[in-house]
Amino acid sequence: MAVTDLMHALLGVGVDVAHYTEAQNIAPPYIVWGETGFTPQENADDHAQTLLVSGELWYYTADEFDKTVHDILDAFESVGAAWSAPSIGWDNQKKLIVYGFRWSLPCGYGEVY
């Protein structure tokens, strides 16, 4: 899998999706996501064969108990990404509920994108 596979899965969720920064005047609900690092996983002949790409995703919604969260989880699962949701709460500045996810995706070396 590649990070672009995750991007395509997220685009299928049915809400606006932004990579790293929010588009101006974007209306909720929406997703902002991005990669935060790479870690070598499998080595052969002193060279990384697999990289674990990690990242974060923030889902902003005005709907309490928003079922789109399950669609996001399905998107992670569809590409084999591991995930956790360490933060869920209220963004007082945006006046929205925000779900914070951490994810990781194994990619072949040279096949991150």
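A. View of the pairing of strand β5 (residues 96-108). For β5, the buried fraction is high: eleven of the 13 residues fall into the buried class. A loop of four residues connects strand β4 (residues 82-91) with β5, the two strands running antiparallel in sequence, and Lys95 in this loop sits at a positive phi of about 60°.

B. Expanded view of helix α2 (residues 68-78). The set of residues buried in α2 consists of Thr68, Val69, Ile72, Leu73, Ala75 and Phe76. Buried residues of α2, viewed axially, fall in a sector of 155°; they line one side. In α2, the exposed positions angled more than 90 degrees off the buried face are occupied by Glu77 and Ser78. Once α2 finishes, Gly80 follows within two positions and takes phi at roughly 80°, a positive value.

C. Highlighting the environment of Thr68. Here Thr68 lies in helix α2. If we skip the residues at most four places from it in the chain, Thr68 touches Val13, Val15 and Tyr59.

D. Examining the nonpolar core more closely. Judged by nonpolar contacts, the single largest core of 26 residues is most densely connected at Ile31, Leu57 and Phe76. Take this core: its biggest share by element is six residues, from β5. When residues no more than four places from it in sequence are discounted, the contact partners of Phe76 are Leu6, Leu57, Ala81, Trp83, Phe101 and Trp103. Counting residues in each nonpolar core, the second largest holds seven residues, with Ala18, Ile26, Tyr30 and Val32 among its members.

Rules behind the numbers
Residues numbered from 1 in each chain as written. Predicted model: local features only at pLDDT ≥ 70, side-chain atom pairs only at ≥ 80, totals over all residues. Heavy atoms only, no water. Buried < 20%, exposed > 50% of the residue type's maximum accessible area, 1.4 Å probe, protein only. Helix = DSSP H or I, 4+ residues; strand = E, 2+ residues; numbered from the N terminus. Pairing = 2+ DSSP bridges. Arc of directions from axis to C-beta. Contact = heavy atoms within 4.5 Å. Core = buried A, V, L, I, M, F, W, Y, C linked by side-chain atoms within 4.5 Å.

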